[in-house]
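# Structural characterization, general
Okay, here's what each chain looks like letter by letter:
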Amino acid sequence: MPVLGTGIFPSGAVGNELTAVTRRAFIPKLVVQLYKSSPLLSAVIANAQMASGGAGPITAPVQGSALTTFEWSGYNGNFAQQSTQTGILNAEFNLKLGITPVYFLGMEGIIQVDAAVIPIIEARMNDAGNTMKEGISLALWGNDNTANNQQLFGLPAVTANTQSYGGIDPTTNTWWTAYIKANSPSVAPTRNTVLENITGLVNYSGGEMPNFGVTSPATWVKLAEDFTSQEQYQITPDGQYGENPNGARALFTALMVGGVPIYMDTYGTDGTLYLLNTNYLSLYIHEAGSFVFTGFESLIPNQQLGYVGALLSIMELVCVKRKSQAKITGYTSVTF
């Protein structure tokens, strides 16, 4: 129903009569209101690896202790007899299945044929991709592998040092742990504190830098406040700020700390910063389940006119070197 009595549209009986005999002027676009973007999901998909079938379809041999022994010798070159040393284990991961069913009822097609403003099946197909991305993003940020082991592993599971990951127990294999730091009491994120976190991870991982950091928008802005006060604008004679015809640029989308870009992710947890190294962190996607659609099948065997199909994703988030990843908690955030 149009809103009667506003603008040029009359109210009362005249407005009702016009409503009954006048076609609506639809905007032929469906404006989606409920989904969000996720830099973390984009990063892991961009770095995705292909997986295939088999038991333990993702198996990574990992070395946690020395296989040989170093010693000093003298002029004669003597060395002690060595025994066989073992230090290799398999980190094994199973793929996880995500399904978004898509229904198309027969009478929907009859009603919409030659009369659709927004074809409902197109809207559902578009929504299927969005809901799948939403589900994957929520799992990446929320699943610690304790509530639902059918879900994709998330960053909480990758950095959970108290539970097995990839079939390896970190309590007996202490090299299979992430760098964890909890700020207590809570502190504001600054360039210095984040640099300490990055350096702590570099020291813990044996000298390897993270590729990027990611946190929530509220925590990211709190970190940005430490940058804002340090901004300077350089003016050239007879020129503009930064030689930019649109004026000076303030701040930027990624905060660089120690050469590591820190991004915001709308799915992120306030107060938590992850520092990640994607050389050892990848999304493995099955070659037959890479966001594929099964096609529509008839619902007549279920005594219903219509069709159903499913969008499938078969994947797992795999980290083969946990000590190269970090989870920092106890940071303060702004209030939006």
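Computed from a predicted model, the values in this text were never measured in an experiment. (Residues numbered from 1 in each chain as written. Predicted model: local features only at pLDDT ≥ 70, side-chain atom pairs only at ≥ 80, totals over all residues. Heavy atoms only, no water.)

### A few points about the overall build of the protein chain
The cut-off we apply is this: By definition, any uninterrupted DSSP run of H or I lasting at least four residues is a helix, any uninterrupted run of E lasting at least two residues is a strand, and each is numbered from the N terminus. C-alpha atoms define the radius of gyration in this analysis, and the globule rule sets the expected value at 2.2 Å times the number of residues to the power 0.38. Surface accessibility follows the Shrake-Rupley procedure with a 1.4 Å probe radius. Residue values consider only the protein chains on display as shielding. We treat Lys and Arg as the positive residues and Asp and Glu as the negative residues; His and chain ends play no part in the count. To locate a charge, take atom NZ for lysine, CZ for arginine, CG for aspartate or CD for glutamate.
Looking only at helices and strands, the protein chain features 7 helices and 14 strands. Computed over C-alpha atoms, the radius of gyration of the protein chain comes to 28 Å, more than 25% over the 20 Å expected from 2.2 N^0.38 for 336 residues, which places it beyond the range of a compact globule. Put simply, the protein chain shows about 19,800 Å² of open surface, and 55% of that area lies on carbon and sulfur atoms. When the 15 positive and 22 negative side-chain charges of the protein chain are each reduced to one mean point, those points stand 3 Å apart.

### Digging into empty space enclosed by the protein
To be explicit about the condition: A pocket here means an open set of points on a 1 Å grid, computed over the protein atoms alone, that has protein on both sides within 12 Å along at least five of seven lines. A cavity is instead a set of points where a 1.4 Å probe fits but cannot get out; residues with an atom within 4 Å of a point line either one. Grid points are joined across faces, edges and corners, and a volume is the space filled by probe spheres set on the points. Residue classes follow a fixed rule: Ala, Val, Leu, Ile, Met, Phe, Trp, Tyr, Cys and Pro count as nonpolar, while Asp, Glu, Lys and Arg count as charged, and any other residue, Gly among them, counts as polar.
Applying the stated criterion across every chain yields a total of 1 cavity of 30 Å³ or more. In this structure, the largest cavity is lined by Pro189, Val194, Thr215, Thr219, Leu223, Ile262, Leu273 and Tyr331. Of the residues belonging to the lining of the largest cavity, the class tally is 6 nonpolar, 2 polar and no charged.

### Here's the deal with the pairing of strand β8 (residues 260–264)
Test applied: Here, any two strands with at least 2 DSSP bridges between them count as paired.
Sheet analysis places strand β6 (residues 212–215) next to β8, joined by 3 bridges and oriented parallel. Residue pairing in the sheet places Gly213 in a bridge with Ile262 of β8. What sits between strand β7 (residues 255–257) and β8 in their antiparallel hairpin is a turn of 2 residues, with Gly258 showing a positive phi close to 60°.

### So, the environment of Ala43
Quick reminder of the rule: Burial classes follow relative accessibility: with a 1.4 Å probe on protein chains only, a residue under 20% of its type's maximum area counts as buried, one over 50% as exposed, and anything between as partly exposed.
As for its position among the elements, Ala43 is in helix α2 (residues 39–46). Judged by its relative accessible area of 22%, Ala43 is partly exposed.

### Topic: the nonpolar core
For clarity, the threshold we go by: Residue types Ala, Val, Leu, Ile, Met, Phe, Trp, Tyr and Cys, when buried and joined through side-chain atoms within 4.5 Å, form a set referred to as a nonpolar core. Contacts were defined at the residue level, with two residues in contact if any of their heavy atoms lie within 4.5 Å.
With 38 residues, the main nonpolar core has Leu40, Leu140, Leu152, Leu276 and Leu317 as its most contacted residues. When residues of this core are assigned to their parent elements, the largest contribution, 7 residues, is made by helix α4 (residues 120–142). Once residues lying within four places of it in the same chain are set aside, the contact partners of Leu317 are Val44, Leu140, Leu152, Phe153, Gly154, Leu155, Val158, Tyr165, Leu281, Ser282 and Leu283. Among the nonpolar cores identified, the runner-up in size contains 18 residues, and Val202, Val257, Leu273 and Tyr331 belong to it.

### Focus on unusual backbone geometry
Each neighbour pair has its own omega, and for Ser184 with Pro185 the value is 0°, a cis peptide bond. Mapped onto the elements, Pro185 comes out in strand β5 (residues 179–187). Backbone geometry places Phe291, a non-glycine residue, at a positive phi of 55°. Of note, Phe291 is situated in the loop between β10 (281–286) and β11 (292–293). For Phe291, a relative accessible area of 30% translates into the label partly exposed.

### Overview of the side chain of Arg322
As a reminder, the rule being used: The salt bridge criterion pairs a side-chain nitrogen of Lys or Arg with a carboxyl oxygen of Asp or Glu, the two atoms within 4 Å. N or O atoms closer than or at 3.5 Å make up a polar contact, with two conditions inside protein: a donor-capable atom paired with an acceptor-capable one, and, for residues adjacent in sequence, both atoms drawn from side chains.
Among the structural elements, Arg322 can be located in the loop between β13 (306–319) and β14 (326–331). Buried charged residue Arg322 carries no salt bridge. Nearest counter-charge: Asp169, at 7.6 Å. A polar atom in the side chain of Arg322 sits 2.6 Å from the backbone oxygen of Ala160. Leave out the neighbours within four places in its chain, and Arg322 touches Ala157, Val158, Thr159, Ala160, Asn161, Gln163, Tyr165, Pro170, Trp176, Thr177, Ala178 and Tyr179.

### Some remarks on the layout of surface pockets
The space that makes up the largest pocket amounts to roughly 220 Å³. Lining the largest pocket are 15 residues, with Leu97, Gly98, Gly135, Ile136 and Leu152 positioned closest to its centre. Elements with a minimum of two residues in the lining of the largest pocket: β4 (96–105), α4 and β13. In terms of residue class, the lining of the largest pocket is built from 7 nonpolar, 7 polar and 1 charged.

### Quick notes on the pairing of β14
With 5 bridges joining them, β5 and β14 adopt parallel strand pairing. Considered in β14, the bridge of Lys181 is made with Ile328. Taken together, the 3 bridges between strand β9 (residues 273–276) and β14 define a ladder with antiparallel strand orientation. Across the sheet, residue Leu275 finds its bridge partner in β14, namely Ala326.

### Topic: the pattern of salt bridges
Note on pairing: side chains with opposite charge can pair once their charged atoms come close. Tallied over the entire structure, the rule returns 5 salt bridges. Asp226 is the partner of Arg191 in a salt bridge, and the nearest nitrogen-oxygen pair spans 2.9 Å. Placement of Arg191 in helix α6 (residues 191–205) and of Asp226 in helix α7 (residues 217–228) is noted, with a sequence separation of 35 residues between them. Judged by its relative accessible area of 31%, Arg191 is partly exposed. Looking at Asp226, the relative accessible area reads 21%, which means it is partly exposed. In this structure, Lys222 engages Glu225 in a salt bridge whose closest nitrogen and oxygen atoms are separated by 3.7 Å. In this pair, Lys222 and Glu225 are both assigned in helix α7, 3 residues apart and thus about one turn of the helix distant.

Nothing here speaks to function; it is all geometry.
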